[in-house]
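Descriptive structure summary
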Amino acid sequence: MAAERQATTDDERRTTFESALHVRPSGLWTDAWRRLSRNRAAKVSLLYILLVCLVAIFAPLIAPDSPNDTSATATTFAVPFWKAGHDPQHILGTDELARDELSRLIYGARVSMAVGLIPTAIITVVGTLVGLVAGWAGGWLDDLLMRLVDAVYAFPAFLFFIVLATVLRDTRFGHLLGGLVLLFTAFAIVGWTDMARLVRGQVLSVKQHEYVEAARALGAPNRRIVFRHILPNSLAPIIVAIAFSIPAYILAEASLSFLGLGVQASVPSWGQMVFDSFPAILSKSEFVLMPSLLIASVMLAFTFLGDGLRDALDPKMTM
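Read on for a plain summary of the structure.

**Comments concerning the packing of aromatic side chains**
For the structure on display, the rule yields seven aromatic pairs. The interplanar angle of 35 degrees and the centroid separation of 5.2 Å between the aromatic rings of Phe187 and Tyr249 together place this pair among those described as tilted. In this pair, Phe187 sits in helix α8 (residues 180-206) while Tyr249 sits in helix α11 (residues 235-258), placing the two residues 62 residues apart along the sequence. On the accessibility criterion, Tyr249 (10% relative accessible area) is buried. Look at Phe258 and Phe278: their rings are 5.2 Å apart centre to centre, the planes differ by 90 degrees, and that puts the pair in the edge-to-face class. Of this pair, Phe258 sits in helix α11 while Phe278 is found in the loop between α12 (270-277) and α13 (286-312), placing the two residues 20 residues apart along the sequence. The structure contains a cluster of three or more aromatic residues connected by ring pairs, namely Phe158, Phe161, Phe187 and Tyr249. Lying across the ring of Tyr153, Arg197 places its NZ or CZ 4.4 Å from the centre.

Here it is, written out as structure tokens:
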């Protein structure tokens, strides 16, 4: 009996060992996606962001009217549907120029998402390249690039936006895409410094690891080591930084538009809509609140998604 029990135990151990050999270990990104999928706030935020992106892409098909067409029948500041006496043709009413409010809110999603995503993409590319070069090269080149970063970082970003918008707003460059190109340029000029510092710190940490030393010993060229080993292992904090940068630029655009220094008046923007309706805030507060709530909701969605990504990409987190 003892021999049979021992044989059974050995068979169980052998089966367990063979099963373990066939189990593929999960990687960082698989574990991160699993942790992110368990974060309800991050999932809801991601779905909401995707919904806003779809609305922005298909705005001409969704919007009932053109955002700049004035209604010949509706009055200015026609009340939305939850108030008595609303016009069924304009569910959310009309603005101070009798333009359909719903159509302008739908088209405004395009501006907010473009202002959030495009400058972030630019600063990510520029900041990542500067950080990679500075962290990997070291020496005088690192010192030179970091002094450049310090010089740009020392200038107040929002003040720079105001100055550039004031100087170039009425020029041909300021009118490109209704002023969006000017905003993209202003945000990109001063926004890459944080990303450069972050990437440089990651490179200084990662390049001390054994697999980097092994690649060097095998004679791998610097470009291959940087883009095949160092950059992929530095992506986690970069992705989190991107998620938090997007709402910052959405808020910056809304703030500039509220000051009258953002996009051109003909471009429907949530910040511009707040600016146009603000004189009537006491009597028609809903026209200020609707675009303001959309700005706040998109910013909160990106913030919750950034928190979820930060927790999901931290290997020490257990969910």
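**Let's talk about the pattern of salt bridges**
According to the stated counting rule, one finds nine salt bridges in the structure shown. Measuring nitrogen to oxygen at the nearest pair gives 3.0 Å for the salt bridge that ties Arg147 to Asp150. Of this pair, Arg147 and Asp150 both sit in helix α6 (residues 139-154), three residues apart, roughly one helical turn. By relative accessible area, which is 48% here, Arg147 ends up partly exposed. One salt bridge in this structure joins Asp307 and Arg310, with 2.8 Å as the shortest N-O distance. With a gap of three residues between them, Asp307 and Arg310 both fall in helix α13, about one helical turn apart. The exposure class assigned to Arg310 is partly exposed, which follows from its relative accessible area of 44%. Counted as one network, the salt bridges with shared partners bring together Asp95, Glu96, Arg99 and Arg104.

**Digging into the packing of helix α7 (residues 157-168) against α8**
Between α7 and α8, whose axes approach to 10 Å, the crossing angle comes to 145 degrees. As α7 packs across α8, the resulting crossing turns out to be right-handed. In this structure, α7 uses Ala157, Phe160, Phe161, Leu164, Ala165 and Leu168 to contact α8, whose residues at the interface are Leu182, Ala186, Phe187, Ile189 and Val190. When grouped by side-chain class, the residues that make up the contact of α7 with α8 number eleven nonpolar, no polar and no charged.

**A look at the packing of α7 against α11**
Contact geometry of α7 with α11 gives a least axis separation of 11 Å together with a crossing angle of 45 degrees. By the angle between their axes, α7 is oblique relative to α11. By crossing handedness, the relation of α7 to α11 is classed as right-handed. Residues Phe158, Phe161 and Ile162 of α7 touch α11, and the partners they reach there are Ala252, Ser255 and Leu256. For the contact of α7 with α11, a count of residues per class yields five nonpolar, one polar and no charged.

**Here's the deal with helix α5 (residues 101-137)**
Taking 1.5 Å of rise per residue, the 37 residues of α5 would be expected to cover 54 Å, and the 54 Å separating its terminal C-alpha atoms lies within 8% of that figure. The N-cap of α5, judged by a side-chain oxygen 3.5 Å from the amide nitrogen of Leu102 a few residues on, is Asp100.

**Quick look at the nonpolar core**
The biggest cluster of nonpolar side chains holds 31 residues, and the ones touching the most others in it are Ile250, Trp270, Val298 and Phe302. Broken down by secondary-structure element, the contributors of at least two residues to this core are α2 (28-37), α3 (40-57), α5, α11, α12 and α13. With ten residues, α13 is the largest single contributor of residues to this core. If we skip the residues at most four places from it in the chain, Phe302 touches Ile49, Met113, Ala243, Ile246, Pro247 and Ile250. With 29 residues, the next largest nonpolar core counts Val130, Ala165, Val190 and Leu256 among its residues.

**Focus: the side chain of Lys207**
The topology assignment puts Lys207 in the loop between α8 and α9 (210-217). Buried charge without a partner: Lys207 forms no salt bridge, and the closest opposite charge is Asp142, 7.2 Å away. When neighbours within four sequence positions are excluded, Lys207 is seen to be in contact with Gly135, Trp136, Val212, Glu213 and Ile230.

Thresholds, definitions, all that
Residues numbered from 1 in each chain as written. Predicted model: local features only at pLDDT ≥ 70, side-chain atom pairs only at ≥ 80, totals over all residues. Heavy atoms only, no water. Phe/Tyr/Trp six-rings, centres within 6.5 Å; stacked < 30°, edge-to-face > 60°. Helix = DSSP H or I, 4+ residues; strand = E, 2+ residues; numbered from the N terminus. Buried < 20%, exposed > 50% of the residue type's maximum accessible area, 1.4 Å probe, protein only. Lys NZ or Arg CZ within 6 Å of the ring centre and 35° of its normal. Salt bridge = Lys/Arg side-chain N within 4 Å of Asp/Glu carboxyl O. Axes fitted to C-alpha atoms, helices over the stretch in contact; angles between N-to-C directions. Left-handed = near helix turned anticlockwise from the far one by under 90°. Contact = heavy atoms within 4.5 Å. Nonpolar A, V, L, I, M, F, W, Y, C, P; charged D, E, K, R; others polar. Parallel < 35°, antiparallel > 145°, perpendicular 65-115°, else oblique. Expected span 1.5 Å × (residues − 1). Polar contact = N/O pair within 3.5 Å; in protein donor to acceptor, adjacent residues only side chain to side chain. Core = buried A, V, L, I, M, F, W, Y, C linked by side-chain atoms within 4.5 Å. Lys, Arg positive; Asp, Glu negative; His and termini not counted.

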